[in-house]
Amino acid sequence: MITTRRAIVLAAMMLAASARASSADDKTSMAVSDALSLLVAHRSLDGRQVVVKHSGMEQAVTVPWDFASGSLRLRIARNIAVLATVERTIEETRQTIIREILTGMPADKDGKRPSSIYPGTPEHEVFTRQFTAALRERVSLDLSRIKASDLRLDKNEIPVTTLTALAPILDDDLPK
């Protein structure tokens with residue numbers, strides 16, 4: 001069975017290999033779980049859902065935020081690319097942990113190998129412990145900073161939850 005340490009080392013090695021190269025001073029260090037929250041926040045900067053009438057029917061469409069800055073959109077896109085590597089790596093780590101646990105589980109009375117890990121079982125506790133450890137692992141990522149003024153918050157009503165998740169890379173340059 002995969003050990004917690006082995007899962008963490010696997011995740012750390014994969015994340016280190018996937019992060020863009022830069023000097024250590026330029027990187028943002030955070031837990032994998034925080035990087036995933038930051039990815040969700042970046043993806044929400046793509047636009048907002050608006051209900052419109054089309055041929056008498058109401059439809060939800062995505063309307064881009066009005067940033068009026070191509071360089072900001074490019075920084076957001078680059079950050080999404082970096083953070084998406086964390087997402088892919090943690091998913092690969094999760095699948096590896098599951099495969100290892102399933103491999104160590106005994107076959108049923110018909111000789112079939114188990115295909116699921118059920119809550120409340122010792123195997124689920126092992127999975128939860130190992131996956132939680134992988135989510136707590138720290139990563140250093142080469143992320144572009146974003147200025148609050150570039151988000152044009154007076155014009156764009158970006159949700160507070162998104163702004164909170166952006167905190168590790170958000171520079172508050174707005175007048176107090």
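This text follows the structure it describes.
Computed from a predicted structure; not experimentally measured. (Residues numbered from 1 in each chain as written. Predicted model: local features only at pLDDT ≥ 70, side-chain atom pairs only at ≥ 80, totals over all residues. Heavy atoms only, no water.)

**Structural notes on the overall build of the chain**
Summing up its helical and strand segments, the chain has five helices and six strands in all. Its helices and strands taken in sequence order, the chain reads α-β-α-β-β-α-α-β-β-α-β from the N to the C terminus. Buried residues in the chain amount to 35% of all 176 residues. Nonlocal contacts in the chain, meaning residues at least 24 apart in sequence, comprise 71% of its contacts between residues at least 6 apart. Accessible surface, the chain as shown: approximately 10,600 Å² in total, 54% of it carbon and sulfur. (Helix = DSSP H or I, 4+ residues; strand = E, 2+ residues; numbered from the N terminus. Buried < 20%, exposed > 50% of the residue type's maximum accessible area, 1.4 Å probe, protein only. Contact = heavy atoms within 4.5 Å. Areas by Shrake-Rupley, 256 points an atom, 1.4 Å probe, with all protein chains shown as cover.)

**Digging into the nonpolar core**
Grouped together as the largest cluster of nonpolar side chains are 36 residues, with contacts concentrated most on Phe67, Leu141, Leu143, Leu151 and Leu166. Elements that contribute at least two residues to this core include exactly helix H2 (32–44), helix H3 (70–104), helix H4 (122–136) and strand S4 (138–141). When residues in this core are grouped by element, the largest group, nine residues, is from H3. In this view, phenylalanine 67 contacts Leu45, Leu72, Arg73, Ile76, Asp150, Leu151, Arg152, Asn156 and Ile158; residues no more than four positions away in its chain are not counted. (Core = buried A, V, L, I, M, F, W, Y, C linked by side-chain atoms within 4.5 Å.)

**Brief notes about H4**
The end-to-end C-alpha distance of H4 is 21 Å, a good match for the 21 Å that 15 residues give at a rise of 1.5 Å each. Within the span of H4, buried status applies to Val126, Phe127, Gln130, Phe131, Ala133, Ala134 and Leu135. (Expected span 1.5 Å × (residues − 1).)

These results come straight from atomic positions and should not be treated as a statement about function.
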